[in-house]
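# Notes for the structure review
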Amino acid sequence: MLMEMIIMLLSTAAFMCLIVCIALLFMGIEECFHRTNKNNLHLSIFALFRVFIRCSLCLSSEVPAALRLSGLSLCAVFLFIPMGSLPPFFSSKAGLFLIIGLLLLAQDFYIRGLKKYSVRVYVSLDRERVNMLFKFAFALLVAVVTMAWYVINTGIPGSIFNISTYSAMPISDMTDVWGKLGMLFFFMSLSVISPCRVGRCDELSGYVSLLGIFDAVHSTLYPAIITALFLPWNISAFMKLTGLSMYLADFIFFWLKVFIVQAVLIPPIRAVYLDLWSMLPFGHRGSPYVFFSCGGVLLFMAELYL
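### Topic: the packing of helix α7 (residues 132–154) against helix α9 (residues 177–191)
As a packed pair, α7 and α9 sit with axes 9 Å apart at the nearest point and diverge in direction by 165°. On the basis of the axis angle, α7 is roughly antiparallel to α9. Crossing geometry of α7 relative to α9 is assigned as left-handed. The segment α7 lies against α9, with Phe-136, Ala-139, Leu-140, Val-142, Ala-143, Thr-146 and Met-147 engaging Met-183, Phe-186, Ser-189 and Leu-190. Counted by class, the contact of α7 with α9 contains nine nonpolar, two polar and no charged residues.

As structure tokens, then:
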């Protein structure tokens, strides 16, 4: 029993390290795409790996424990996401609620950590960026409850709050035009409040290095959730693969989809959203993503009852 627990802890730690490495690699590639500062041209796509190793080995009291716990909470979300044909590392009938809970926990730790380190740094950050986790959790909750209601009323097998249900049997394949439009609206509602990388390699010094690692995981987590829910198709079915080659091909294809969502789809969607957001009156700047969320609900209700 003890040995099994040790193996489980070691495998969980190894999995989280793999996730962080993938996130850092994606961030490094994006930095190459968005690099505009000539002072950053000497930095490679692997620059953040050295920062990650240094921050992992350095347990300085200057870095608030709350920030480390925030990053750990974000990494823990990946444990409940199916990746290709591979099931989630931990499966739960309430997996989607656990994901939302971990997102809110990470938000709380992130704010606490920033305030503890420096109130000036916290105040200087964009409110949109600070509250992004909360907004994403809210939009995800609306999408999850709506899709769960659709699953209940159509008799689709599986646990309604387990993300594997939606990855194994894509809802968009079973809906008519209203449901497909609803899925598109939910996709947009989650995309417009997902982080979009802009070259920041020049900030990688001291404490901000840890924020850079947090941003890397943060920027990859949202596309991973979006991909698992809305783009769950696997390549092995087309290539007629089985066994280990099937799991490996689908795992690689999953992360390829995540990178495309993160680096190709979200940036233009986010750019249009920010342009629209800046044109709205101050009291209505939350309207665009709320509009997409409410629109998705109404379209699914039309799918069910019209």
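### Thoughts on helix α3 (residues 65–77)
For α3, with 13 residues, the first-to-last C-alpha span of 19 Å sits near the 18 Å given by 1.5 Å per residue. Three or more residues of α3 are buried, namely Ala-66, Leu-67, Ser-70, Gly-71, Ser-73, Leu-74, Cys-75, Ala-76 and Val-77.

### Some words on the state of the cysteines
The tally for this structure, following the rule as stated, stands at zero disulfides. Cys-21 supplies the cysteine sulfur nearest to Cys-17, a cysteine that is in no disulfide, at a spacing of 6.5 Å. Take Cys-17: its relative accessible area is 39%, and that puts it in the partly exposed class. We classify Cys-21 as partly exposed; its relative accessible area is 29%.

### Remarks on the pattern of salt bridges
Applying the stated criterion across every chain yields a total of one salt bridge. For the salt bridge of Asp-108 with Arg-112, the shortest nitrogen-to-oxygen distance reads 2.8 Å. With Asp-108 and Arg-112 both in helix α4 (residues 95–117) and four residues apart, the pair spans about one turn of that helix. Residue Asp-108 is classed as partly exposed on the basis of its relative accessible area, which comes to 33%. Take Arg-112: its relative accessible area is 52%, and that puts it in the exposed class.

Cut-offs used in this document
- Throughout this description, residue numbers start from 1 for each chain and increase along the sequence as written.
- In keeping with the model being predicted, local features are shown solely for residues with a pLDDT of at least 70 and side-chain atom pairs are shown and tallied solely at 80 or more, while totals for entire chains, interfaces and linings include all residues.
- Side-chain metrics in this entry use all non-hydrogen atoms of the structure; hydrogen atoms and water are not considered.
- Note on geometry: axes are lines fitted to C-alpha atoms, helical ones only across the stretch in contact, with angles between N-to-C directions running from 0 to 180 degrees.
- Here a strand is any run of E in DSSP of at least two residues, a helix any run of H or I of at least four, and the numbering for each starts at the N terminus.
- Just so you know how the angles are binned, under 35 degrees is roughly parallel, over 145 roughly antiparallel, 65 to 115 roughly perpendicular, and the rest oblique.
- In this scheme the handedness of a crossing depends on how the near helix is turned from the far one: anticlockwise by less than a right angle means left-handed, clockwise means right-handed.
- The contact criterion used throughout is that any non-hydrogen atoms of two residues lie within 4.5 Å.
- Only Asp, Glu, Lys and Arg are considered charged, only Ala, Val, Leu, Ile, Met, Phe, Trp, Tyr, Cys and Pro nonpolar, and every remaining residue, Gly among them, polar.
- Helix span is expected to be 1.5 Å times the residue number reduced by one.
- The buried label goes to any residue with under 20% of its type's maximum accessible area, the exposed label to any with over 50%, and the partly exposed label to all in between, with areas taken from a 1.4 Å probe on protein chains only.
- Disulfides are defined in this document as cysteine sulfur pairs within 2.5 Å.
- Just to be clear on terms, a salt bridge is a Lys or Arg side-chain nitrogen sitting within 4 Å of an Asp or Glu carboxyl oxygen.

These figures capture arrangement, not role.
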